[in-house]
Amino acid sequence: MLGGGGMRGFCHIGIVRALERLGLVVDEVVGTSMGAVMGGLYAAGNDSRAMEQAAAEISLKDYFRLNLLKFLVRGYRHASVYKGHTFHALLKKWLPHESFAAMARPFFCNALSLTTGASRFFGLPGADTLPVADAVYASACLPTIFEPLEIAGDHFVDGGMTETLGLRIARARAADLVIAVDLSHRDQHVKTPFRATLPHILFQTYEVMGQALNEHNLHRFVDDKTVLIKPKVSHLPLLDMPDVTEVVRLGEREALEVLTTHPLTRYLCDPAVVAEEDRMVARPRDHVRLEVDMNACIHCGICAATCATQGYAAVPIGDVVRKLHNYECTRDMACERNCPTGAIRLQNL
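A.B. asks: Describe helix 3 (residues 48-55), with residues and values.
C.D. replies: All of the buried residues in helix 3 are S48, M51, E52, A54 and A55. For helix 3, the angular spread of buried residues about the axis comes to 160°, placing them on one side. Among the exposed residues of helix 3, those oriented more than 90 degrees off its buried face are R49 and Q53.

Below is the structure:
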């Protein structure tokens with residue numbers, strides 16, 4: 001399951017590479033936004049090397065062309081900043097499949113209907129006969145960045161506007177094991193400098209909104225069948241072209257550490273790779289360590305009200321941490337993000 005995250009989503013290629021190295025077989029693929037792009041490539045039968053070659057074709061100059069003329073003529077009445085048809089054409093080249101049945105693996109992606117406000121899960125019965133490239137474009141169509149796509153009389157935008165990680169469909173599919181890649185990790189103690197530009201305000205709003213939505217999504221759907229991987233890619237801008245090789249490496253490194261130490265996946269992995277990783281990983285990645293600076297804590301109880309796994313206690317004085325090593329943590333970082341004094345730091349994420 002591959003989540004949204006703009007150009008940071010290239011790290012999903014590294015996740016696939018880790019799965020290949022570990023010998024893990026994926027039965028179904030779910031993707032949102034850029035996760036739908038990368039997930040679609042993987043579900044179509046491409047290996048990580050082919051996916052990396054495809055990602056290298058993206059050029060901000062060629063595929064993110066400004067709709068300058070239409071802005072001059074129509075102003076705010078135009079639908080997007082960039083010309084979405086160039087990105088759509090690229091997807092058709094990568095994903096020429098006329099229906100979801102033509103994919104090598106079952107594939108699902110979500111988009112948001114602008115007319116009904118409902119999420120649409122393409123690939124499910126009744127929504128699996130359209131071209132895969134159309135569904136992926138709809139899932140990755142960031143509002144105001146690309147033009148919404150019309151499908152069967154409806155118009156769709158990025159599924160990450162309501163659900164950045166498709167955990168709900170995984171629950172509906174009754175998966176035995178879910179490997180979910182969440183790109184919402186962020187150092188909550190490092191501020192993002194404000195820039196008085198439309199793109200900065202827009203993208204920063206999307207990112208913060210996505211974190212808040214993801215908090216509720218993880219609280220509701222993460223269970224004992226879910227393995228969460230959170231690559232450290234928050235330092236990368238959403239729509240700036242990164243060093244693809246480096247981003248892939250970050251994804252692969254994070255996936256190898258998590259999958260070889262998590263009890264749900266460790267014993268499914270190639271033993272030789274696990275033995276190699278054991279020499280490199282300092283500690284298991286299957287728990288989160290909760291730390292509170294008691295000099296900064298004001299005992300407001302927000303952490304206890306926020307945590308979905310009872311990691312904290314609402315007490316007027318004393319130690320507020322109930323689980324120093326929280327194995328049930330949903331890794332949404334909500335407690336750290338919502339602490340009014342910045343007293344909380346999560347470790348071993």
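A.B. asks: Go over the pairing of strand 7 (residues 226-229) with me, naming the residues and quoting the values.
C.D. replies: Both faces of strand 7 are covered, namely the face carrying T226 and L228 and the face carrying V227 and I229. Bridge count for strand 6 (residues 178-181) against strand 7 is four bridges, and the pairing is parallel. By the bridge assignment for strand 7, V178 is matched with T226. One crossover worth recording links strand 6 to the parallel strand 7 by way of helix 9 (residues 198-221), and it is right-handed.

A.B. asks: Give me the lowdown on the packing of aromatic side chains, citing residues and values where you can.
C.D. replies: Applying the stated criterion across every chain yields a total of five aromatic pairs. With 5.1 Å between their ring centres and 15° between their planes, F87 and F146 make a pair best called stacked. With F87 in helix 6 (residues 84-94) and F146 in the loop between helix 7 (132-139) and strand 4 (149-151), this residue pair connects regions lying 59 residues apart in the sequence. Take F87 and F146: they sit in the same class, and that class is buried. For the pair Y137 and F146, a centre-to-centre distance of 6.2 Å together with 45° between the ring planes defines the contact as tilted. Each member of the pair Y137 and F146 is classed as buried. Geometry around Y42 places R105 over its ring, the cationic atom sitting 4.3 Å from the centre.

A.B. asks: For unusual backbone geometry, give the residues involved together with the corresponding values.
C.D. replies: Even without a glycine there, the phi angle at A174 is positive, about 55°. Locating A174 in the fold gives a position in the loop between helix 8 (167-172) and strand 6. Residue A174 is classed as exposed on the basis of its relative accessible area, which comes to 60%.

A.B. asks: Now, about the environment of P316: what can you tell me, with residues and values included?
C.D. replies: Relative to the helices and strands, P316 resides in the loop between helix 12 (302-306) and strand 9 (325-326). Between the alpha carbons of P316 and C300 there is a distance of 7.7 Å; along the sequence they are 16 residues apart.

A.B. asks: Break down the confidence of the model for the protein for me, with residues and values.
C.D. replies: With 92% of its residues at a pLDDT of at least 70, the protein reaches an overall mean of 87. When pLDDT is averaged over each element of the protein, helix 1 (residues 11-22) comes out on top at 97 and helix 5 (residues 68-74) at the bottom at 48.

A.B. asks: Lay out the side chain of S139 in plain terms, naming residues and giving numbers.
C.D. replies: For S139, the position within the fold is in helix 7. Under the relative-accessibility criterion, S139 is labelled buried at 0%. Only 2.8 Å separates the side chain of S139 from the backbone oxygen of N110, close enough to count as a polar contact. Setting aside its immediate chain neighbours within four residues, S139 contacts G31, T32, S33, A36, C109, N110, A111, D158 and G159.

A.B. asks: Now, about the nonpolar core: what can you tell me, with residues and values included?
C.D. replies: Judged by nonpolar contacts, the single largest core of 75 residues is most densely connected at F10, V37, M38, W94, F107, F122 and L259. Leaving out residues up to four positions away in the same chain, L259 has contacts with L19, L22, L24, I179, V227, I229, T265, R266 and C269. Counting residues in each nonpolar core, the second largest holds 17 residues, with L290, V292, C307 and C335 among its members.

A.B. asks: Go over the pattern of salt bridges with me, naming the residues and quoting the values.
C.D. replies: Throughout the structure, instances matching the rule amount to 17 salt bridges. Note that R249 and E246 form a salt bridge whose closest N and O atoms lie 2.7 Å from each other. On the criterion of helical spacing, the pair formed by R249 and E246 is a turn pair, its members being three residues apart in helix 10 (residues 244-261). Of the residues examined, R249 reaches a relative accessible area of 41% and is grouped as partly exposed. With a relative accessible area of 33%, E246 lands in the partly exposed category. Put simply, R253 and E277 hold a salt bridge, and the shortest N to O gap is 2.2 Å. Of this pair, R253 sits in helix 10 while E277 sits in helix 11 (residues 271-278), and the two are 24 residues apart along the sequence. Bridged by salt links that share partners, the residues K232, R253, E254, E257, E277 and R285 form one connected network.

A.B. asks: Mind laying out the sheet that holds strand 10 (residues 344-347), listing which residues take part and the relevant values?
C.D. replies: Strand order across the open sheet formed by three strands is 9-8-10, with antiparallel pairing between neighbours. One side of each edge strand has no neighbouring strand; the edge strands of this open sheet are strand 9 and strand 10. With four bridges joining them, strand 8 (residues 288-292) and strand 10 adopt antiparallel strand pairing. The residue of strand 10 that forms the bridge with E291 is R345.

Parameters at a glance
- Residues numbered from 1 in each chain as written.
- Predicted model: local features only at pLDDT ≥ 70, side-chain atom pairs only at ≥ 80, totals over all residues.
- Heavy atoms only, no water.
- Buried < 20%, exposed > 50% of the residue type's maximum accessible area, 1.4 Å probe, protein only.
- Helix = DSSP H or I, 4+ residues; strand = E, 2+ residues; numbered from the N terminus.
- Arc of directions from axis to C-beta.
- Pairing = 2+ DSSP bridges.
- Right-handed = clockwise from strand over helix to strand, strands pointing away.
- Phe/Tyr/Trp six-rings, centres within 6.5 Å; stacked < 30°, edge-to-face > 60°.
- Lys NZ or Arg CZ within 6 Å of the ring centre and 35° of its normal.
- pLDDT = per-residue confidence, 0-100.
- Polar contact = N/O pair within 3.5 Å; in protein donor to acceptor, adjacent residues only side chain to side chain.
- Contact = heavy atoms within 4.5 Å.
- Core = buried A, V, L, I, M, F, W, Y, C linked by side-chain atoms within 4.5 Å.
- Salt bridge = Lys/Arg side-chain N within 4 Å of Asp/Glu carboxyl O.

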